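Given next are the chains, with one letter for each unit.
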Amino acid sequence: MGKRLLFFAIIFLSLLAFTLWRAQPPFRLQRKLLAKLPYMLYLTLLITDLDDDGHPEVMAVKEDEPLIWVRFPFDKPSLLRFENYRAIWVQGGCFVLKALPVLTMDDRLRLLRWKEGKAKLDPLPSLPDVPMDDILVGEGKGTGTVFLRVDQGNNCWLFTLTPQGEWQFASWFKNQAIRFRNFAMWHIADLADLDRDGILDALCVQWQPIEDAWVFWGGRKEGETNLGAWIRYGYPQIADLDGDGWMEIVMVEEHGHLQVWGFDQRQRRLRVIATSPPLPLPVDWSSFNLHLSDLDKGDGRKEILVSDFSGNFWVFQWREGRLKMWQSKTGFRGWVFKQVVKFDDQLALTYTHHRPVWLFPPRIWMEDWKLRWRFKEWVQFTVFCLLPKDEQTFSPPHWHFQKAPFELWFAGDIDGDGSDELIGRDFSWRCWRLYRAEVTKAGELRWRDVLLGREKPEPTAFALLVDGKRRGLVIAWEDGRLELLTMEGRR
């Protein structure tokens, strides 16, 4: 009897030790609560250095709410509230602002700084000091240029963000053509000096009543070029595709052709310099997705990636006046490009993919005094496309596609080891996790993760802080919490 009890005790202790060993996190993650905001943020967590001390901090920005500046995020966080200024719409990014554009109570634009313990408001150069109609901060799709757009009447002023975090005047143009046609929605997709006259030109797109693309020439009183209609989600972008110093415009036009526009130096105008064979036209809700990326990592010149919701995939390369094309078809339908991530020295393209999953445990809730349940749900997962590191980089048939058990929400190098960490939603267990990937010798992704929280509340904004050797990720949660995540690099 004693030997039998000893045998079962050994088995029980072994299982307990194995369970505790498996429960240990695969990597060290430190979490610190920075602040509890009185409101929920949505994609408006900015990285700022308003006091110009070389240490980045975070700024919580929400329209019609006070600005909240969180200082010293790595040491002892403190909060500063700015009650007398209104925030403008800012499309999030990884840039650092040393002067934050804000609106005064009379709708005048100012740059907010922090000098000698108090707020300082500076006017913008080359801008009339009058109330403005529309102001926003955006980022170019292809070039990554961060710009401040200011509209007043039919005039549009553009300021770009320097590497030092300051705003400088970049261009001015009239948007009279768009206003004359009563276009309901228009947006600056990118900025570049297409004609190389020293003034930036704006690539603008509009959605209603049809999708049209325009180039507004900076510094000209009356000057615009209509590029024609483009297919929704095939967003026109700008890049130097062949490395000759002249920028090209890439778009998928309404008849399904990929077009490359270039500036003709002799005729001093934009013209189509390359056209692809006709791509299959979208049907129903299907559309094209366009992205520019340097796939071979080295020459700095970008390749053109086009995919549609039916699983077709194309890669185009513009070199020496020729447009080369590779084509493939995947088994995934309804996917949209998200971003490029890096695992050690391996690049991966990420796409969202819709498919049904069985819920475990099933979802049960009360609605209209009735008990309801759901065992299956359509969710979004992430497809990782691993690119080979040889001459087959541009050939989609040789790419390796792998589905991940989560939906990607954020990717960035949190610990500074050269490999991106990911934050995603695990729909099977309805929770949020931080993932770290390793590429095996067989070319597969092996995931390790740490639990961040349950499905509710969900993260609403991210900001990656880099302060010398210290790095961290600030997450804004739905319940108003600002949390700082830090971790150690891999050995």
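Everything quoted here is computed from the prediction, not taken from an experiment.

Enquirer: Residues and numbers for the overall build of the chain, please.
Expert: Each helix and strand in the chain was counted, giving 2 helices and 38 strands. Over its C-alpha trace the chain gives a radius of gyration of 25 Å, about what one expects of a compact globule, namely 23 Å for 491 residues. Along the first, second and third principal axes, the C-alpha atoms of the chain reach 100 × 60 × 55 Å. Residues counted as buried form 52% of the 491 residues belonging to the chain. Considering only contacts in the chain between residues 6 or more positions apart, those separated by 24 or more positions represent 46%.

Enquirer: I'd like a description of the sheet that holds strand β10 (residues 109–115), backed by residues and values.
Expert: Strand order in this open sheet of 4 strands is β6-β9-β10-β11, and the pairing throughout is antiparallel. Here the strands that pair on one side only, and so sit at the sheet edges, are β6 (86–87) and β11 (118–122).

Enquirer: How would you explain the pairing of strand β15 (residues 167–174) if you had to name every residue and give the values?
Expert: Inspection of the sheet shows strand β14 (residues 155–161) paired to β15 by 7 bridges, in the antiparallel sense. Counterpart to L158 in the pairing with β15 is S171.

Enquirer: Before we move on, could you go through the packing of aromatic side chains and cite the residues and values that matter?
Expert: Note on aromatic pairs: each is described by the distance of the centres and the angle between the planes. Tallied over the full model, the rule gives 24 aromatic pairs. With a centroid separation of 6.3 Å and an interplanar angle of 40°, the aromatic rings of F82 and Y85 are classed as tilted. Assigned by exposure class, F82 and Y85 land together as buried. Seen in terms of ring centroids, F406 and Y435 are 3.9 Å apart; in terms of plane orientation they differ by 15°. Their pairing is stacked. Of this pair, F406 sits in the loop between β31 (400–404) and β32 (407–412) while Y435 sits in strand β34 (residues 431–439); the two residues are 29 residues apart in sequence, bridging distant segments of the chain.

Enquirer: Before we move on, can you summarise the pattern of salt bridges with the specific residues and values?
Expert: The tally for this structure, following the rule as stated, stands at 24 salt bridges. Among the salt bridges present, the one from D264 reaches R271, with a minimum N-O distance of 2.9 Å. For the salt bridge of D479 with R481, the shortest nitrogen-to-oxygen distance reads 2.9 Å. Look at D479 and you get partly exposed, because its relative accessible area is 32%. Residue R481 is classed as partly exposed on the basis of its relative accessible area, which comes to 23%. Where salt bridges share partners, they join D106, R108, R110 and D129 into one cluster.

Enquirer: Explain the side chain of D467 to me, and be specific about the residues and the numbers.
Expert: Considering the arrangement of structural elements, one finds D467 in strand β36 (residues 459–467). By relative accessible area, which is 9% here, D467 ends up buried. In this view, D467 contacts G54, H55, P56 and F74; residues no more than four positions away in its chain are not counted.

Enquirer: Explain the nonpolar core to me, using residue names and the numbers behind them.
Expert: In terms of nonpolar packing, the biggest core is built from 34 residues, with M59, L67, L100, L148, V150 and W167 touching the most fellow members. Residue assignment for this core shows that the elements contributing at least two residues are β4 (67–71), β9 (100–103), β10, β12 (134–139), β13 (146–152), β14 and β15. Among all residues touching W167, those that are not within four sequence positions of it are L97, A99, P101, L111, V137, V146, F147, L148, F159, T160 and L161.

Enquirer: Account for a nonpolar patch on the surface, naming residues and giving values.
Expert: Together, W358, I364, M366, L371, W373 and F375 give the surface a local cluster of nonpolar side chains, amounting to about 780 Å² of exposed area. If you list the elements that add at least two residues to the nonpolar patch, you get β29 (346–367) and β30 (370–386). With respect to the helices and strands, L371 occurs in strand β30.

Enquirer: How would you explain unusual backbone geometry if you had to name every residue and give the values?
Expert: The omega angle of the peptide bond from K456 to P457 is 0°, so this bond is cis rather than trans. One can find P457 in the loop between β35 (445–454) and β36. Positioned with a positive phi, E116 is a non-glycine residue whose angle comes to about 55°. Tracing the chain through its elements places E116 in the loop between β10 and β11. For E116, a relative accessible area of 80% translates into the label exposed. A positive phi angle, close to 55°, is found at E320, a residue other than glycine.

Enquirer: Give a description of the sheet that holds strand β21 (residues 248–252) that names residues and reports values.
Expert: The 4 strands are arranged β20-β21-β22-β23 in an open sheet whose pairing can be described as antiparallel. The sheet terminates laterally at β20 (237–239) and β23 (269–275), the two strands that pair on one side only. Within this sheet the neighbouring strands show an average axis-to-axis angle of 30°, counted without direction. Across 4 bridges, β21 lies against strand β22 (residues 258–264) in antiparallel orientation. Directly across from I249, in β22, lies its bridge partner W261.

Enquirer: Could you give an account of the pairing of β9, naming the residues involved and the relevant values?
Expert: Burial along β9 is two-sided: the residues L100 and V102 and P101 and L103 are all buried. The pairing of β6 with β9 spans 2 bridges and is classified as antiparallel. In the sheet register, A87 faces β9, and the bridge partner there is V102. Two elements, β9 and β10, share 4 bridges in a ladder whose sense is antiparallel. Within β10, the residue paired with V102 across the bridge is R110. Taken together, β9 and the strand that follows it, β10, pair antiparallel across an intervening segment of 5 residues, in which D107 is found at a positive phi of about 65°.

Enquirer: Describe the environment of R355, with residues and values.
Expert: Considering the arrangement of structural elements, one finds R355 in strand β29. Given a relative accessible area of 29%, R355 falls into the partly exposed group. Along the sequence, R355 and K342 sit 13 residues apart, while their C-alpha atoms lie 25 Å from each other. Discounting residues that sit within four places of it in the chain, R355 has contacts with E377, W378, V379, F381 and K403.

About the criteria used
- Residues numbered from 1 in each chain as written.
- Predicted model: local features only at pLDDT ≥ 70, side-chain atom pairs only at ≥ 80, totals over all residues.
- Heavy atoms only, no water.
- Helix = DSSP H or I, 4+ residues; strand = E, 2+ residues; numbered from the N terminus.
- Rg over C-alpha atoms; globule rule 2.2 N^0.38 Å.
- Buried < 20%, exposed > 50% of the residue type's maximum accessible area, 1.4 Å probe, protein only.
- Contact = heavy atoms within 4.5 Å.
- Pairing = 2+ DSSP bridges.
- Phe/Tyr/Trp six-rings, centres within 6.5 Å; stacked < 30°, edge-to-face > 60°.
- Salt bridge = Lys/Arg side-chain N within 4 Å of Asp/Glu carboxyl O.
- Core = buried A, V, L, I, M, F, W, Y, C linked by side-chain atoms within 4.5 Å.
- Patch = residues over 30% accessible without salt bridge, like charges linked within 9 Å, V, L, I, M, F, W, Y side chains within 5 Å.
- Areas by Shrake-Rupley, 256 points an atom, 1.4 Å probe, with all protein chains shown as cover.
- Axes fitted to C-alpha atoms, helices over the stretch in contact; angles between N-to-C directions.

That is the geometry; function is a separate question.
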